[in-house]
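# Report on the structure
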Amino acid sequence: QVQLVESGGGLIQTGGSLRLSCAFSGRPFRSYAMGWFRQAPGNERKFVAAINWSGSKTYYADSAEGRFTISRDNAKNTGYLQMNSLKPEDTAVYYCAARNMASVAWSAVQYDSWGRGTHVTVSS
C-alpha cells in the first residue's frame, strides 16, 4: 500500500519561498507519476503541478507556471514542490498524490494515492 507524507509547509511572507517534500513508500517509486494539488478553505481541491515517473516531463497550472517547480528524486523516494514568489492567494493545504502510471495527469480522479496535506499560509 502506497503511503505519502508531505512536509515543509508553514507561514511565510508574501514574496517568500518554501519547498514542500513528499515522502513515498510502499511500492516502487519509479512506477508512479506524482502530482501536487491544493485546497483553500471553502474551495475545491485544485491541480498545481505534475511530474512523470522519470522527471523528464512536467505540467503546471497557470497559477503555478513560472513560480513553482516540481521535481523528484527517485533514489530518495521523494517528490518536491519548490514554491517561489509566494502570494496570499497561494494559501492552502497542499497535497501530494501518486498514480500507478508513468505519465503526468492533472485531474484528481486520475490519482489513486494521497497524502494528508501540509498547510501553507502566505501573509500579506
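What counts and what doesn't
- Each chain has its residues counted from 1, following the order in which its sequence is written.
- Residue-level local features of this predicted model are given only where pLDDT is at least 70; pairs of side-chain atoms are given and counted only at 80 or more, and the full residue set underlies all totals for whole chains, interfaces and linings.
- Side-chain metrics rest on all non-hydrogen atoms present in the structure, leaving aside hydrogens and water.
- Every helix listed is a DSSP run of H or I at least four residues long, and every strand listed is a run of E at least two residues long, numbered separately from the N terminus.
- In this description the radius of gyration comes from C-alpha coordinates, and the expected globular size is given by 2.2 Å times residues to the power 0.38.
- Burial classification: accessible surface area is computed with a 1.4 Å probe over protein chains only, and a residue below 20% of its type maximum counts as buried, one above 50% as exposed, and the rest as partly exposed.
- Any pair of residues with heavy atoms lying within 4.5 Å of one another is described as a contacting pair.
- For every accessible area listed, the method is Shrake-Rupley and the probe measures 1.4 Å; residues are considered covered only by the protein chains on display.
- The charge count includes Lys and Arg as positive and Asp and Glu as negative, but it does not include His or the ends of the chains.
- Where a charge lies is defined by one atom per residue type: Lys uses NZ, Arg uses CZ, Asp uses CG and Glu uses CD.
- The working definition used for a salt bridge is a side-chain nitrogen of Lys or Arg within 4 Å of a carboxyl oxygen of Asp or Glu.
- Note on pairing: DSSP must find at least two bridges between two strands before they are called paired.
- Angles run from 0 to 180 degrees between N-to-C directions of axes, and those axes are lines fitted to C-alpha atoms, restricted for helices to the stretch in contact.

Another point: the overall build of the protein chain. Across its full length, the protein chain carries zero helices and eleven strands. When the helices and strands of the protein chain are listed from N to C terminus, the series reads β-β-β-β-β-β-β-β-β-β-β. Relative to the 2.2 N^0.38 estimate, which gives 14 Å for 124 residues, the radius of gyration of the protein chain is 13 Å and therefore close to what a compact globule would have. Every one of the 124 residues in the protein chain was classed for burial, and the buried ones make up 44%. Across the protein chain, contacts joining residues at least 24 apart in sequence account for 59% of those joining residues at least 6 apart. Total accessible area on the protein chain stands at roughly 6,500 Å², and carbon and sulfur atoms take up 46% of it. Averaging the locations of the 13 positively and 8 negatively charged side chains of the protein chain gives two centres separated by 7 Å.

Attention now moves to the pattern of salt bridges. In this structure the tally under the stated criterion is two salt bridges. Where D90 meets R38, a salt bridge forms, and the shortest distance between an N and an O atom there is 2.8 Å. One end of the pair, D90, is in the loop between β8 (78–83) and β9 (92–99); the other, R38, is in strand β4 (residues 33–39), and 52 residues separate them in sequence. Each member of the pair D90 and R38 is classed as buried. Ionic pairing is found between D90 and R67, a salt bridge with its closest N-O pair at 2.7 Å. One end of the pair, D90, is in the loop between β8 and β9; the other, R67, is in the loop between β6 (58–60) and β7 (68–73), and 23 residues separate them in sequence. For the residue pair D90 and R67, the accessibility class agrees, reading buried in each case.

Taken in spatial order, the four strands of this open sheet run β1-β3-β8-β7, and their pairing is antiparallel. Single-partner strands in this sheet number two, and they are β1 (3–7) and β7. On average, adjacent strands in this sheet sit at an angle of 15° to one another, irrespective of strand direction. As defined by bridge partners, strand β3 (residues 18–25) adjoins β8 across six bridges and the pair is classed as antiparallel. Each residue of the ladder has a partner; that of S21, found in β8, is Y80.

In short, shape yes, function no, at least from these values alone.
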